[in-house]
Amino acid sequence: MTKVLAFSGSSSARSINRILAETAANHLSDTDFTFVDIRDYPLPIYSVDLEQSDGFPDEASAFKALLSDHDGFIIALPEHNGSMPAIFKNLIDWLSRMGGKIFQEKPVLLLSTSPGQGGGKTNLDMVTTLMPWWGADVTGSFSLGSFQDVVDVDARRITDAARAAELEALVQAFETRVRTY
Ligand SMILES: Cc1cc2nc3c(=O)[nH]c(=O)nc-3n(C[C@H](O)[C@H](O)[C@H](O)COP(=O)(O)O)c2cc1C
């Protein structure tokens, strides 16, 4: 059975991006899906000095092992000041020092949502451009604005039919790529 790992690049316990990742994962038809909270992998701010004195944190090694153990990734990213949240960038910085391509040339579906209309698209577009440098095979990206207006949180469902269909199609394309990876 192929295995997908999903996570939100958020430091918030009430992450709306986490909800979007779970909403997307519900469209997987025949693939195991695990959600991880990156807050469970706390890392010090990356520093060359720290790496030289202490090596890699166990949490960074554990997250790298998770990436190795899964066949594809659904990643939902908040936008902070037009860019990546510090917690996600810091994870990427540590992983980038540990050898090999971070996402190991595996399929990645990128998502983003925000309470405002922008849907975190500025950051999403930037990360979509950067991801291949990190070894990701990006199969699609999806930005959803006005989260509170268009998501039924309890049902983990997008209420706007056109946007829901768009996400479902992207998840199906992602799942097909994962299965042939
Ligand atoms: C420090 C900070 C900066 C933010 N900057 C942006 C921004 O540039 N664009 C945007 O659409 N939302 C911005 N927001 C609002 C986030 O979209 C909102 O907090 C959202 O809930 C974050 O997603 P999360 O709940 O998954 O963490 C910012 C929020 C914070 C706390």
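(A) Examining the site of the ligand more closely. Around the ligand, the surrounding shell consists of Ser 10, Ser 12, Ser 15, Ile 16, Asn 17, Pro 78, Glu 79, His 80, Asn 81, Gly 82, Ser 114 and Pro 115. A distance of 2.9 Å separates an oxygen atom of the ligand from a polar side-chain atom of Asn 17. Interatomic distance of 2.8 Å between a side-chain N/O atom of Glu 79 and a nitrogen atom of the ligand. Contact with the protein chains covers 63% of the free accessible surface of the ligand, which is 630 Å². Tallied by class, residues from the shell around the ligand come to three nonpolar, eight polar and one charged.

(B) Focus on the sheet that holds strand β2 (residues 32–37). An order of β2-β1-β3-β4-β5 is seen for the five strands of this open sheet, with the pairing classed as parallel. Edge positions in the sheet fall to β2 and β5 (137–144), since each of these pairs with one other strand and no more. Across the sheet, the mean angle separating the axes of adjacent strands is 20° when strand polarity is ignored. Taken together, the four bridges between strand β3 (residues 72–76) and strand β4 (residues 107–113) define a ladder with parallel strand orientation. In the sheet register, Ile 75 faces β4, and the bridge partner there is Leu 110. Packed on one face of the sheet, helix α1 (residues 16–25) meets β1 (3–8), β2, β3, β4 and β5 and runs near 135° to β4. Running at roughly 165° to β5, helix α7 (residues 161–180) makes contact with β1, β3, β4 and β5 of the sheet.

(C) Spatial organisation of the pattern of salt bridges. On inspection of all chains with the given rule, the structure shows 11 salt bridges. Residues Arg 156 and Glu 22 are paired through a salt bridge, measuring 2.7 Å at the closest nitrogen-oxygen approach. Here Glu 22 lies in helix α1 and Arg 156 lies in the loop between β6 (151–152) and β7 (157–158), a separation of 134 residues in the sequence. By relative accessible area, Arg 156 is classed as partly exposed at 25%. Residue Asp 30 pairs with Arg 179 through a salt bridge whose shortest N-O separation is 3.2 Å.

Rules behind the numbers
- Residues numbered from 1 in each chain as written.
- Predicted model: local features only at pLDDT ≥ 70, side-chain atom pairs only at ≥ 80, totals over all residues.
- Heavy atoms only, no water.
- Near = heavy atom within 4 Å.
- Polar contact = N/O pair within 3.5 Å; in protein donor to acceptor, adjacent residues only side chain to side chain.
- Areas by Shrake-Rupley, 256 points an atom, 1.4 Å probe, with all protein chains shown as cover.
- Nonpolar A, V, L, I, M, F, W, Y, C, P; charged D, E, K, R; others polar.
- Pairing = 2+ DSSP bridges.
- Helix = DSSP H or I, 4+ residues; strand = E, 2+ residues; numbered from the N terminus.
- Axes fitted to C-alpha atoms, helices over the stretch in contact; angles between N-to-C directions.
- Contact = heavy atoms within 4.5 Å.
- Salt bridge = Lys/Arg side-chain N within 4 Å of Asp/Glu carboxyl O.
- Buried < 20%, exposed > 50% of the residue type's maximum accessible area, 1.4 Å probe, protein only.

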